[in-house]
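Chains, contacts and geometry: an overview
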Amino acid sequence: MRQTVAVVGGGCSGVLVARELLRCSEDDVVLIEPGEPGGGVAYGSARPWHVLNSRAGAMSADTDDPGHFVRWSGARPGEFRPRAEYGRYLRTVLEEAATQHPGRLQLRATTATRIDSDGRVDLADGSRVPADHVVVATGGPRAVPQRLDHPRVIDDPWQAGALEALPTDRPVLLVGTGLTAVDAALTLTADGRRTAPVVAVSRRGLLPLTHTTDAAPPVTPVLDDCATLRDVVRAVRAAAGEAGDWRPVVDGMRPYLDQVWTALTPAEQDAFLRHLARTWECHRHRMAPEIAERVVALRNAGLLEIRRGGVAAWPGLADYAAVVNCAGPGRLPASANPLVRSLLDRGQARIGPHDLGLAIDAAGRMVAADGRVHDRIWLIGPLRRGAQWETTAVPEIRAQAHRIALDLRPGALLAAAA
């Protein structure tokens, strides 16, 4: 039976699931995205100096063809390619799938404002998309810093021209010291005219660590006897000591992270989030070597400063030309986008573990406030965070996309349950 699937959001997650639906089913797909498909936060506003934080060999859109992006781009598997190029790649693979399956993909250049339980999607242009299933691919919640007493707060560092318009002779304060802050610092110093420093501040003042130029083979720590978070930490440290480098151990854990996460008790998960998560993220989400070299050069030149502390009481706040929100993932409901807010307010969704995302069942279907599983509404990517841990990078998202496409086949979930 031919169905209609509405995909809300056309960034990486939306493009990958739309492509899989075209390739693995006979369903019609309506992709709802106000901008150019394949852009999203990560790739839509990337400048030439912004590169992928993962090697090209990990970035294929195809679960069955790990070398697809490498061949398409002409890259070496170990290269860190420009992010704008990857956005073009996502658009290309979607266009190719649409060409191979003519008449089945419809693009709607607007935003979704409401999703009904029966699958209908209301759009900002006043129209409505009737669908048998809806996949919500809008990305995860972004942290919102507390209200600051400053005349120029830039909430979206990816807004076109926002950073370039700032004066170069006054300092700029970045809220956050993660990969987004690194990207913002590169943009603020790209033209070589900046004379005042960029100051990045966070509670711990930790920058992402660095990839090696050549990747070592992954090393999987022995986790079979790990019953607690403390056991996992010991096993990872022991494996890193034996390997002589922590990077292959972190990479080797990646396929097992969701299993490890769900095996922890809620109290252990909370302890991880409070005490270890930021350190883990610095090791897991690393800078490309060439970006790390640029960061070191900026710090040595006095153009980039990394500080610890809270922003609200930051001394001399009025002296900064702007305060830029470079914080990482946020918590719900405070960081909900308008569509997620609508789902929560109407009881169609409930907040997932630790307020990191929305509640889902094992297949990725959204769970309502009353505990009922929606048969028609699915989540992909960062909105699953909390129920899953490793759910924000391409390898995991493409696997989710493939699984959703298979599960949407009539009777697929019933057959799997039997």
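Note that this is a predicted model, so its numbers are computed, not measured.

**Brief notes about the overall build of the protein chain**
Secondary structure summary: the protein chain contains 14 helices and 14 strands in total. By the compact-globule yardstick of 22 Å for 418 residues, the protein chain fits well, its C-alpha radius of gyration being 22 Å. With the principal axes as the frame, the protein chain shows a C-alpha extent of 65 × 55 × 45 Å. The contacts in the protein chain between residues at least 6 apart in sequence include a share of 70% that link residues at least 24 apart. Here the protein chain displays about 18,800 Å² of accessible surface, and carbon together with sulfur accounts for 51% of that area.

**Considering the pattern of salt bridges**
Where charged atoms of side chains with opposite charge meet at close range, the side chains can pair. Tallied over the full model, the rule gives 32 salt bridges. Here Arg 81 and Glu 79 are joined by a salt bridge, their closest N and O atoms 3.0 Å apart. We note that Arg 81, like Glu 79, is buried. Here Asp 345 and Arg 341 are joined by a salt bridge, their closest N and O atoms 4.0 Å apart. Of this pair, Asp 345 and Arg 341 both sit in helix H12 (residues 338-345), separated by four residues, roughly a single helical turn.

**Describing helix H4 (residues 83-100)**
Three- or four-residue spacings in an α-helix give side chains the same orientation, since the helix completes a turn every 3.6 residues. If you check H4, its first and last C-alpha atoms are 26 Å apart, about what 18 residues at 1.5 Å a residue would give, namely 26 Å. Here H4 has its buried residues at Arg 83, Glu 85, Tyr 86, Gly 87, Tyr 89, Leu 90, Arg 91, Thr 92, Val 93, Leu 94 and Ala 97.

**Examining the environment of Arg 307**
Positionally, Arg 307 belongs in strand S11 (residues 304-308). The exposure class assigned to Arg 307 is partly exposed, which follows from its relative accessible area of 34%. Engagement of the side chain of Arg 307 in a polar contact is seen with the side chain of Glu 305, the distance being 2.4 Å.

**Observations regarding the environment of Arg 299**
Secondary-structure assignment places Arg 299 in helix H11 (residues 289-300). Linking Arg 299 and Val 198, residues 101 residues apart in sequence, is a C-alpha distance of 9.5 Å. The residues contacting Arg 299, other than those within four sequence positions of it, are Leu 207, Leu 304 and Ile 306.

**Brief notes about the environment of Glu 390**
The topology assignment puts Glu 390 in the loop between strand S14 (373-379) and helix H13 (394-407). Separated by 134 residues in the primary sequence, Glu 390 and Tyr 256 place their C-alpha atoms 9.0 Å from one another. When sequence neighbours within four positions are dropped, the list of residues in contact with Glu 390 reads Arg 254, Leu 257, Asp 258, Arg 284 and Glu 396. For Glu 390, the side chain forms a polar contact with the side chain of Arg 284, separated by 2.5 Å.

**A look at empty space enclosed by the protein**
Following the criterion strictly, the structure yields two cavities of 30 Å³ or more and no others. Quantified by volume, the largest cavity comes out at close to 60 Å³. Every residue along the wall of the largest cavity is listed here: Val 51, Asn 53, Arg 83, Leu 179, Val 182, Asp 183, Leu 186, Met 287, Ala 288 and Ile 291. It is helix H5 (residues 179-188) that contributes the most residues to the lining of the largest cavity, four residues altogether. Across the lining of the largest cavity, the residue classes break down as seven nonpolar, one polar and two charged. Computed from the structure, the second largest cavity encloses a volume of approximately 30 Å³. Lining the second largest cavity are Leu 174, Gly 178, Ala 181, Val 182, Ala 185, Ala 200, Leu 207, Leu 304 and Ile 306. Listing elements by their share of the lining of the second largest cavity, those giving two or more residues are H5 and S11. For the lining of the second largest cavity, the element with the most residues is H5, which contributes three residues.

**Side note on the packing of helix H1 (residues 12-24) against H13**
Relative to each other, H1 and H13 sit at 40 degrees, their axes nearing to 8 Å. Overall, the two elements H1 and H13 adopt an arrangement that is oblique. For the pair H1 and H13, the sense of crossing is right-handed. Between H1 and H13, the residues in contact are Cys 12, Ser 13, Leu 16, Val 17, Glu 20, Leu 21 and Cys 24 and Val 394, Ile 397, Arg 398, Ala 401, His 402, Ile 404, Ala 405 and Leu 406, respectively. Considering only residue class, the contact of H1 with H13 consists of eleven nonpolar, two polar and two charged.

**Focus: the sheet that holds strand S9 (residues 172-175)**
Pairing in this open sheet of five strands is parallel, and the strands run S8-S12-S9-S10-S11 from one edge to the other. Strands at the two margins of the open sheet, each flanked by one partner only, are strand S8 (153-154) and S11. The sheet contact formed by S9 and strand S12 (residues 322-325) spans four bridges and is parallel. Opposite Leu 173, over in S12, you have Val 323 as the bridge partner.

**Thoughts on the packing of aromatic side chains**
Geometry of an aromatic ring pair is reported as the spacing of the ring centres plus the angle between the planes. This structure, assessed with the given rule, holds nine aromatic pairs. Arranged with centres 6.2 Å apart and planes meeting at 20 degrees, the rings of Phe 69 and Trp 72 form a pair that is stacked. Of this pair, Phe 69 and Trp 72 both sit in helix H3 (residues 68-73), three residues apart, roughly one helical turn. For Phe 69, a relative accessible area of 0% corresponds to the buried category. Look at Trp 72 and you get partly exposed, because its relative accessible area is 31%. Residues Phe 272 and Trp 389 carry aromatic rings whose centres are separated by 5.3 Å and whose planes lie at 85 degrees to one another, so their mutual orientation is edge-to-face. One end of the pair, Phe 272, is in helix H9 (residues 266-275); the other, Trp 389, is in the loop between S14 and H13, and 117 residues separate them in sequence. By relative accessible area, Phe 272 is classed as buried at 11%. Over the ring of Trp 378 we find Arg 365, and its NZ or CZ is 6.0 Å from the ring centre. Over the face of the ring belonging to Trp 389 we find Arg 385, whose NZ or CZ atom lies 4.7 Å from the ring centre.

Rules of the game
Residues numbered from 1 in each chain as written. Predicted model: local features only at pLDDT ≥ 70, side-chain atom pairs only at ≥ 80, totals over all residues. Heavy atoms only, no water. Helix = DSSP H or I, 4+ residues; strand = E, 2+ residues; numbered from the N terminus. Rg over C-alpha atoms; globule rule 2.2 N^0.38 Å. Contact = heavy atoms within 4.5 Å. Areas by Shrake-Rupley, 256 points an atom, 1.4 Å probe, with all protein chains shown as cover. Salt bridge = Lys/Arg side-chain N within 4 Å of Asp/Glu carboxyl O. Buried < 20%, exposed > 50% of the residue type's maximum accessible area, 1.4 Å probe, protein only. Expected span 1.5 Å × (residues − 1). Polar contact = N/O pair within 3.5 Å; in protein donor to acceptor, adjacent residues only side chain to side chain. 1 Å grid on protein atoms, 1.4 Å probe; cavity = no way out; pocket = protein on both sides within 12 Å on 5 of 7 lines; lining within 4 Å. Points joined across faces, edges and corners; volume = space filled by probe spheres on them. Nonpolar A, V, L, I, M, F, W, Y, C, P; charged D, E, K, R; others polar. Axes fitted to C-alpha atoms, helices over the stretch in contact; angles between N-to-C directions. Parallel < 35°, antiparallel > 145°, perpendicular 65-115°, else oblique. Left-handed = near helix turned anticlockwise from the far one by under 90°. Pairing = 2+ DSSP bridges. Phe/Tyr/Trp six-rings, centres within 6.5 Å; stacked < 30°, edge-to-face > 60°. Lys NZ or Arg CZ within 6 Å of the ring centre and 35° of its normal.

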